[in-house]
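Okay, here's what each chain looks like letter by letter:
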Amino acid sequence: MKGTDHLERGQRLFYTEGMTERMDRIDEVLTRLQDSAFRRKFRLGAKERVYLDAKGDALIAAHAYDFIARRLAPAMPPNDGKQTPWRGHPVFIAQHATGTCCRSCLAKWHGLDKGRALSAAEQAYVVAVIARWLGLRAADDNQHGNGSAPSPEQTPFHF
Ligand SMILES: [Zn+2]
């Protein structure tokens with residue numbers, strides 16, 4: 001079977017001790033997210049895939065770290081619930097797809113409580129979730145053609 005590429009992408013970037021357990025946990029959450037019709041709708045569009053390939057995994061992960069640190073990690077993120085745009089960067093799409101878009105979704109899907117700052121390890125976990133989803137979707141979309149992110153009008157709620 002084709003498609004070990006995405007595993008290597010995720011593993012290459014985030015290899016640390018205990019990674020196998022962490023990857024298992026991430027895959028478990030990603031499987032649960034597939035049960036949500038809302039989360040399932042998110043796909044990388046052609047533009048996002050081109051961007052992803054052009055920038056490379058390391059730079060995309062750096063962008064993800066930056067977005068998470070500024071928009072999600074503070075105890076009270078500015079504009080929480082609306083801080084993640086619907087398009088414009090593959091990481092934003094991945095955040096909506098993985099329930100890492102705001103602190104309410106992060107609490108609901110990943111069990112990380114609101115009202116306190118995320119630790120460095122938790123931020124790394126969130127980035128690993130995003131990277132994993134991007135790796136899987138990049139492989140997926142190559143096989144199944146492109147979709148695009150739903151418009152905000154169609155998706156007023158995060159749950
Ligand atoms: Zn959210």
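As a starting point, this report considers the structure included with it.

## Description of the environment of Gly99
Working step 1: Note that Gly99 resides in the loop between α6 (90-98) and α7 (103-110).
Working step 2: Sequence spacing of Gly99 and Arg39 is 60 residues, and the spatial spacing of their C-alpha atoms is 7.6 Å.

## A look at the nonpolar core
Working step 1: Ala64, Val127, Val129 and Ile130 are the most contacted members of the largest nonpolar core, which totals 31 residues.
Working step 2: In contact with Val129, other than residues within four places in its own chain, are Ile26, Val29, Thr98 and Thr100.

## Observations concerning the environment of Leu106
Working step 1: Within the secondary structure, Leu106 is located in helix α7.
Working step 2: Judged by the 25 C-beta atoms lying within 10 Å of it, Leu106 falls in the buried class.
Working step 3: Remark: the alpha-carbon pair of Leu106 and Gln95, spanning 11 residues in sequence, is separated by 9.7 Å.
Working step 4: With residues up to four places along the chain from it excluded, the contact list for Leu106 reads Leu72, Gly99, Thr100 and Leu112.

## Some details on α7
Working step 1: Arg103, Cys105, Leu106 and Trp109 are the residues of α7 that are buried. For α7, the angular spread of buried residues about the axis comes to 155 degrees, placing them on one side.
Working step 2: Just downstream of α7, Gly111 is the residue with a positive phi angle, here 70 degrees.

Conventions we followed
Residues numbered from 1 in each chain as written. Predicted model: local features only at pLDDT ≥ 70, side-chain atom pairs only at ≥ 80, totals over all residues. Helix = DSSP H or I, 4+ residues; strand = E, 2+ residues; numbered from the N terminus. Core = buried A, V, L, I, M, F, W, Y, C linked by C-beta atoms within 7 Å. Buried ≥ 20, exposed ≤ 12 C-beta atoms within 10 Å, placed from the backbone. Contact = placed C-beta atoms within 7 Å. Arc of directions from axis to C-beta.

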